[in-house]
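# Structure assessment
Below are the chains, spelled out letter by letter.
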Amino acid sequence: MNKKIVIALGGNALGGTPEEQMENAKITAKSIVKIIKTGYDVVVSHGNGPQVGMIALAMHAGNVTESLPQMPFAECGAMSEGYIGYHLGRAISKELYINKIKKDCACIITEVEVDKNDEAFNNPTKPIGPFYTKEEADKITKEKGYVMVEDAKRGYRRVVPSPNPIKILELNAIKKLMNQNTVVIACGGGGIPVVLQKGGYAGIDAVIDKDMTSSLLAKNLDASTLLILTTVPKVCINYKTENEKEITQMTLKEAQEYIDNGEFAKGSMLPKVEACMKFVDRKDKTAIITSLDEALNALQGKNGTRITFD
């Protein structure tokens, strides 16, 4: 039985500071190792929106000089992959040891190819970093030239392009590690977006949706399951209305009907559902959306929303 699974963690769930993230990584590791104990071969991906925004702002906070040059956004993405992977890897390794599971854990700094002509570069939509007031956002736009938009009625955030992932450059390395009994952390933040140019690949200012990259990763690994973890145990229609209803299961056709009816918000649930739909291209594939604390229950059919072929 195919028990390969890609688990996609939300960046917001990891916390807003390194200290919070370290503590949240311990909680996350417990949930992941519970899944490993049931026999799954796990690859972990994660978001990095808050973290990469924080890094980029910190790098730009001082005066940019010849001795302190401006840090490219792709490099900020690599930094976020590294330090989030460090925290998750350490926590997972410790939890594996406590549970006497003989597996290693490794983080792969992952590059993901995108099309330099992707229309997303003409329409930045991906929120990153912390929330700001209107006044703060206007000041940042004036000083940094960033595009700032209101997000989820909680304030203003910087937005960058979000092109579609085409190819995971370190895929073979991920496969080899999996075959060597290793829990792999990969495609953090959707991966470092790179474009193919004369002479090789080059990083570019963008953030790939981590759920879309996770979907591509799961397909490339021929995983049986894509598990997307978010803040709610189930997907809802009529969200935050008196007619709100939890969805336990939906087929591709039903999911498309909900999308056509505008049931899922563009900045939150819509990309998760769309990522699941891209993965579930055969009857033997299942995608699940649920919360971290319900991850194992969702895999066992006791909670979560399942997206199936038919």
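This text gives an overview of the structure that appears in the document. Values in this document were obtained by computation on a predicted structure and should not be read as measured data.

Turning our attention to the pairing of strand E2 (residues 41-46). Burial analysis of E2 places five of its six residues in the buried class, the great majority of the element. Across six bridges, strand E1 (residues 4-9) lies against E2 in parallel orientation. Bridge pairing in E2 places Leu-9 opposite His-46. As a crossover connection, the stretch from E1 through helix H1 (residues 18-37) into E2 is right-handed. Pairing analysis gives two bridges linking E2 to strand E9 (residues 182-185), with the strands arranged parallel. Note on E9: the bridge partner recorded for Val-44 is Ile-185.

This part is about helix H6 (residues 210-220). Of all 11 residues that make up H6, nine are buried, and the element is covered over most of its length. Turning to H6, its buried residues number three or more, namely Lys-210, Asp-211, Met-212, Thr-213, Ser-214, Ser-215, Leu-216, Leu-217 and Ala-218. Regarding H6, its N-cap is Asp-209, as a side-chain oxygen of that residue lies 3.0 Å from the backbone nitrogen of Asp-211 further along. Asp-222 lies just past H6 and shows a positive phi near 55°.

The first and last C-alpha atoms of H1 sit 28 Å apart over 20 residues, in line with the 28 Å expected at 1.5 Å per residue. All of the buried residues in H1 are Gln-21, Ala-25, Thr-28, Ala-29, Ser-31, Ile-32, Val-33, Ile-35 and Ile-36. Two residues or fewer past H1, Gly-39 is found with a positive phi of approximately 105°.

What follows covers the packing of aromatic side chains. In total, this model carries one aromatic pair according to the counting rule given. Arranged with centres 6.1 Å apart and planes meeting at 70°, the rings of Tyr-258 and Phe-264 form a pair that is edge-to-face. On the basis of relative accessibility, which here comes to 7%, the residue Phe-264 falls in the buried class. A cation over an aromatic ring shows up here: Arg-157 above the ring of Phe-131, its NZ or CZ 4.8 Å from the ring centre. The side chain of Arg-158 reaches across the aromatic face of Tyr-146, ending 3.6 Å from its centre.

Here we have eight strands laid out as an open sheet, ordered E3-E9-E2-E1-E12-E16-E17-E15, and mixed in their pairing. Edge strands, defined here as strands with exactly one partner in the open sheet, are strand E3 (104-107) and strand E15 (249-251). Geometrically, the sheet is characterised by an average inter-axis angle of 20° between neighbouring strands, direction not taken into account. Strands in contact with H6 are E1, E2 and strand E12 (225-230); relative to E1, the strand with the most contacts, it is inclined by about 170°.

Take the side chain of Gln-21 next. Within the fold, Gln-21 resides in helix H1. On the basis of relative accessible area, Gln-21 is assigned to the buried category, the value being 1%. Non-local contacts of Gln-21, meaning those with residues more than four positions away in its chain, are made with Leu-14, Gln-51, Tyr-83, Ile-84 and His-87.

Membership of the largest hydrophobic core comes to 43 residues, with the highest contact counts inside it found for Ile-174, Leu-217, Phe-264 and Val-273. Among the elements of the structure, E1, helix H5 (171-179), H6, E12, strand E13 (235-237), helix H7 (252-260), helix H8 (269-279) and strand E16 (286-291) are those that each provide at least two residues to this core. Element by element, the count of residues in this core is highest for H8, at seven residues. In terms of nonpolar packing, the next biggest core, distinct from the first, is built from 37 residues, Tyr-40, Ala-91, Leu-96 and Leu-229 among them.

Axis separation between H7 and H8 bottoms out at 11 Å; the angle between their running directions is 155°. Between H7 and H8, the interaxial angle falls into the category roughly antiparallel. Crossing angle aside, the handedness with which H7 passes H8 is left-handed. Of the residues in H8, those in contact with Leu-252, Ala-255, Gln-256 and Ile-259 of H7 are Leu-270, Val-273, Glu-274 and Met-277. Residue classes in the contact of H7 with H8 are distributed as six nonpolar, one polar and one charged.

As a further point, take empty space enclosed by the protein. Once rolled over the atoms, a probe with the size of a water molecule shows which space is left empty. Considering all chains together, one arrives at three cavities of 30 Å³ or more under this definition. Volume-wise, the largest cavity comes out at about 80 Å³. If you go around the largest cavity, you meet 14 residues; those closest to its centre are Asn-48, Gly-77, Gly-191, Pro-193 and Ala-206. Among the elements that make up the lining of the largest cavity, the one with the highest residue count is helix H3 (residues 73-98) (four residues). Estimated volume of the second largest cavity: approximately 60 Å³. Taken together, Gly-53, Ala-56, Leu-57, Ile-128, Gly-129, Pro-130, Tyr-132, Ile-140, Tyr-146, Met-148 and Arg-158 make up the full set of residues lining the second largest cavity. Mapped by element, the contributors of at least two residues to the lining of the second largest cavity are helix H2 (49-61) and strand E5 (126-132). With four residues, E5 is the single largest residue contributor to the lining of the second largest cavity. For the lining of the second largest cavity, a count of residues per class yields eight nonpolar, two polar and one charged.

Conventions we followed
- Residues numbered from 1 in each chain as written.
- Predicted model: local features only at pLDDT ≥ 70, side-chain atom pairs only at ≥ 80, totals over all residues.
- Heavy atoms only, no water.
- Buried < 20%, exposed > 50% of the residue type's maximum accessible area, 1.4 Å probe, protein only.
- Helix = DSSP H or I, 4+ residues; strand = E, 2+ residues; numbered from the N terminus.
- Pairing = 2+ DSSP bridges.
- Right-handed = clockwise from strand over helix to strand, strands pointing away.
- Polar contact = N/O pair within 3.5 Å; in protein donor to acceptor, adjacent residues only side chain to side chain.
- Expected span 1.5 Å × (residues − 1).
- Phe/Tyr/Trp six-rings, centres within 6.5 Å; stacked < 30°, edge-to-face > 60°.
- Lys NZ or Arg CZ within 6 Å of the ring centre and 35° of its normal.
- Axes fitted to C-alpha atoms, helices over the stretch in contact; angles between N-to-C directions.
- Contact = heavy atoms within 4.5 Å.
- Core = buried A, V, L, I, M, F, W, Y, C linked by side-chain atoms within 4.5 Å.
- Parallel < 35°, antiparallel > 145°, perpendicular 65-115°, else oblique.
- Left-handed = near helix turned anticlockwise from the far one by under 90°.
- Nonpolar A, V, L, I, M, F, W, Y, C, P; charged D, E, K, R; others polar.
- 1 Å grid on protein atoms, 1.4 Å probe; cavity = no way out; pocket = protein on both sides within 12 Å on 5 of 7 lines; lining within 4 Å.
- Points joined across faces, edges and corners; volume = space filled by probe spheres on them.

Remember that the coordinates give geometry; whether it matters functionally is a separate question.
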